[in-house]
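The lines below spell out each chain.
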Amino acid sequence: MKAIVCVKQVPDTQGKVAVKADGTMDRSAMATITNPDDLNAVEAALQLKDETGCEVVVVTMGPPPAEGMLRELMARGADRGVLVSGREFGGSDTFATSQILAAAVNKIGVGPEDIVFCGRQAIDGDTAQVGPQIAEKLHLPQVTYVTDIQKDGNSLTVKRQLEDGYMELKVQTPCLLTCIKELNTPRYMSVSGIFECYDKPLEVFDYNALKDDPLIETDTIGLKGSPTNVYKSFAPPVKGAGIKVEDAAQLVGILNDKHLI
Amino acid sequence: MAEFNAMDTAAFKGVWVFCEQREGDIQSISYQLLSEGRKLANDLGVELAGVVMGSGLAEADLKTLGGYGADRVYNIDSPLLKDYTTDGYAKALCDLIMDKKPEIMLIGATNLGRDLGPRCAARLHTGLTADCTHLDVDVEKYKNFLRTTSNIDVDNTKFEENTNLKMTRPAFGGHLMATIICPRFRPQMSTVRPGVMQMQAFDQAGADKVVIENVAPALTADDIHVQVLDIKKSAEKLVDLIGADVVVSVGRGISADPEKGIKLAEELAEALGGVVGASRAVTDEGWLSADHQVGQTGKTVHPRIYVALGISGAIQHVAGMQDSENIIAINKNENAPIFDVATYGIVGDLYKVVPELIKEIKAAKA
């Protein structure tokens with residue numbers, strides 16, 4: 001039994017954002033973190049490992065430095081890592097990305113008892129699309145916005161968050177779940193984990209490793225294969241700044257004059 | 001599926017809106033999207049259709065969709081569609097799309113729409129753009145949009161003259177805006193958050209003439225792999241940000257003492273007759289529940305008064321509140337971008353300014 005977790009290294013958009021002259025984000029100038037929802041997905045897999053002794057595989061698509069993130073996740077307790085990396089994959093939108101990740105997960109192999117975990121969404125794109133798209137390509141049932149998981153053999157009872165409550169759902173393995181922060185509190189790396197993480201196996205899947213998968217064709221991946229393209233990108237204009245007022249009394253005076261209070 | 005989308009994009013016609021129902025009630029996001037879809041359909045000179053999935057929905061409710069702009073309603077009816085399941089809804093919707101071939105498909109970016117949209121886009125082999133804040137098919141209208149909302153020198157920029165859907169959304173964590181196109185595949189799919197598009201006034205004539213077409217889906221219980229055991233409403237009452245007249249939001253600036261910061265915001269909101277909102281930082285930290293979040297990934301609000309307490313003003317937040325009638329910003333940092341969108345700004349410590357403000361408002365009202 002395996003738990004396969006798809007993770008993404010993202011720029012820390014809470015920190016300082018560097019913008020290049022052409023208006024795109026300068027990722028190289030920004031600190032990177034593991035996407036927050038993905039840490040909840042990893043934790044869910046590690047809890048499953050605590051319970052059942054299953055293997056936890058972490059998978060990411062990204063440039064070679066993303067290996068550092070995989071090592072860190074192995075220090076938290078994941079057993080092995082897969083780095084999906086190649087020039088051919090660059091510029092992929094969510095459709096193309098899910099195509100590549102689905103092929104990678106397929107190569108790792110999804111057995112009848114296995115669960116694929118994803119974070120709900122990444123903070124750099126905020127689309128929440130890659131998880132469900134991977135599930136569709138792999139013909140797996142999906143549950144998104146998961147806040148609770150109870151496992152009984154191959155049957156899972158999960159809670160799925162709604163805006164005004166939740167749904168309780170039953171699903172059989174193999175399946176794909178997307179996780180949100182309400183699900184759990186991610187654990188830290190352990191000292192022994194840090195010592196061991198560099199001895200754990202890490203494989204790199206490049207284009208050649210995945211090209212024989214039926215999902216991967218050059219016209220379905222990368223910038224060229226992506227159904228969506230950026231037409232224009234722009235920074236919003238700076239609106240004329242408003243009036244700076246000195247204190248609360250002056251502000252309330254203005255609001256009162258304008259009959260706003 | 002690839003064959004479905006290998007055909008000429010010109011074979012696809014019409015604008016569709018997925019009209020979400022929960023427990024038999026059509027959700028207001030459906031009316032917002034139909035109102036927006038009506039404009040796109042007019043610009044293209046095509047039909048606007050609403051797609052509803054459910055079991056035994058009331059005919060009056062279906063006709064209401066016509067009142068918000070739908071020419072036609074596809075009512076996909078089956079006991080298997082009573083409650084939302086990814087498998088049931090995705091199959092019923094994709095089958096109808098493959099049969100009728102719409103060129104545009106709009107879906108509300110609710111927790112259910114964000115589950116359904118990507119599953120369908122992957123099956124149909126087409127693109128999907130999440131959380132759009134502006135949609136255009138007409139190039140001139142798009143240019144006018146850019147003139148007022150971007151730093152692009154529109155008159156010295158080349159634009160391809162076509163009616164592809166131009167889907168604008170905040171990008172890169174909300175620090176930039178991007179317009180996305182899906183030129184090679186159909187339908188062009190887009191999700192839009194509740195509250196982003198304005199609902200048009202209900203038109204009885206539209207409701208009277210809408211064509212309702214009942215569709216029996218080719219769906220069996222075996223198609224659905226996730227079983228709904230229960231649907232529970234949360235006991236806690238959710239905050240109604242979208243309908244609020246006044247919103248007082250707190251941001252990372254309350255981190256010194258979140259409890260006190262939220263209490264001050266609640267008192268100020270009470271004095272102004274409003275409700276409390278929050279930036280993403282605050283809901284991410286768990287200081288307030290997610291239903292309070294204003295911004296690209298939260299709710300879009302346009303109240304009469306919006307107060308931003310200790311909110312720096314990242315684009316992702318501003319996207320959700322910039323159309324408020326009056327924006328009041330209180331922030332310690334005089335260079336905070338929130339002051340660029342604020343009608344009135346006070347540079348100062350919110351823990352000091354807000355109590356004074358509450359006192360002054362109470363005095364003014366007395």
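What you see is a predicted model, and the numbers here were worked out from it, not measured in a lab. (Residues numbered from 1 in each chain as written. Chains lettered and ligands numbered in written order. Predicted model: local features only at pLDDT ≥ 70, side-chain atom pairs only at ≥ 80, totals over all residues.)

Student: I'd like a rundown of the pairing of strand β11 (residues 188-192) of chain B, residues and numbers included.
Tutor: All names here are of chain B. The buried fraction of β11 is high, at 5 of 5 residues. By the alternation rule, side chains of β11 split into Gln-188, Ser-190 and Val-192 and Met-189 and Thr-191, which are all buried. For strand β6 (residues 104-108) and β11, the ladder comprises 5 bridges, and the chain directions are parallel. The residue of β11 that forms the bridge with Met-105 is Met-189. As judged from the 2 bridges shared by strand β7 (residues 128-129) and β11, these two strands associate in the parallel manner. In the strand pairing of β11, Leu-128 is matched with Met-189. (Buried ≥ 20, exposed ≤ 12 C-beta atoms within 10 Å, placed from the backbone. Helix = DSSP H or I, 4+ residues; strand = E, 2+ residues; numbered from the N terminus. Pairing = 2+ DSSP bridges.)

Student: Any chance you could break down the interface of chain B and chain A for me, citing the residues and the numbers?
Tutor: The partner chain A presents 62 residues to the 72 residues of chain B that form the contact. The element that contributes the greatest number of residues to the side of chain B that touches chain A is strand β13 (residues 226-233) of chain B, accounting for 8 residues. A breakdown of the residues in the side of chain B that touches chain A according to their chemical character gives 36 nonpolar, 20 polar and 16 charged. (Contact = placed C-beta atoms within 7 Å. Nonpolar A, V, L, I, M, F, W, Y, C, P; charged D, E, K, R; others polar.)

Student: Go over the sheet that holds β11(B), please, and point to the residues and values.
Tutor: Residues and elements named next belong to chain B. Read across the sheet, 7 strands follow the order β7-β11-β6-β1-β4-β5-β12 without closing on themselves; strand pairing throughout is parallel. Each edge of the sheet is formed by a strand with only one pairing partner; in this case those strands are β7 and β12 (211-215). Sheet topology note: the strand β1 (residues 15-19)/β6 ladder contains 3 bridges and is parallel. Pairing of Val-17 across the sheet is with Leu-106, part of β6.

Student: How would you explain the pairing of strand β10 (residues 175-179) of chain A if you had to name every residue and give the values?
Tutor: All names here are of chain A. The buried fraction of β10 is high, at 5 of 5 residues. With 5 bridges joining them, strand β6 (residues 115-119) and β10 adopt parallel strand pairing. Bridge pairing links Val-116 to Leu-176 in β10. The pairing of strand β7 (residues 142-152) with β10 spans 3 bridges and is classified as parallel. Note on β10: the bridge partner recorded for Gln-142 is Leu-176.

Student: Go over helix α4 (residues 130-137) of chain A, please, and point to the residues and values.
Tutor: Most of α4(A) sits out of view: 8 of its 8 residues are buried. Residues of α4(A) that are buried include every one of Val130(A), Gly131(A), Pro132(A), Gln133(A), Ile134(A), Ala135(A), Glu136(A) and Lys137(A), and no others. Summarising the contacts, the buried residues of α4(A) are in contact with β1 (2-7), α3 (94-108), β6, β7 and β10 of chain A together with α4 (113-124) of chain B. Phi turns positive one or two residues past the end of α4(A), at His139(A), with a value near 55°.

Student: Lay out the nonpolar core with the relevant residues and their values.
Tutor: Core analysis: the biggest nonpolar cluster contains 131 residues, and Val5(A), Val59(A), Ile100(A), Leu101(A), Val116(A), Phe117(A) and Ile134(A) have the highest contact counts within it. Residue contributions to this core peak at 8 residues, all from α3(A). Excluding anything up to four places from it in sequence, Val116(A) contacts Ile4(A), Cys6(A), Val105(A), Val110(A), Ile134(A), Leu140(A) and Leu176(A). Ranked by size, the runner-up nonpolar core spans 52 residues in total, among them Ala248(A), Leu251(A), Ala278(B) and Ala281(B). (Core = buried A, V, L, I, M, F, W, Y, C linked by C-beta atoms within 7 Å.)

Student: Lay out the confidence of the model for chain B in plain terms, naming residues and giving numbers.
Tutor: Any segment with low pLDDT has predicted coordinates that should not be analysed in fine detail. Averaged over all residues, the pLDDT of chain B equals 93, while 98% of them reach at least 70. Reported confidence for the predicted complex is 0.92 by ipTM and 0.88 by pTM. (pLDDT = per-residue confidence, 0-100.)

Student: Report on the domain arrangement of chain B, specifying residues and quantitative values.
Tutor: Accessible area lost upon the coming together of the parts serves often as the stated size of an interface. Residues and elements named next belong to chain B. In terms of domains, chain B is made up of domain 1 (9-223) and domain 2 (246-365). On a C-alpha basis, the centroid separation for the pair domain 1 and domain 2 is 32 Å. At the interface, 10 residues of domain 1 touch 8 residues of domain 2. A class-by-class count of the residues in the side of domain 1 that touches domain 2 yields 3 nonpolar, 5 polar and 2 charged. (Domains from an automatic or database assignment.)

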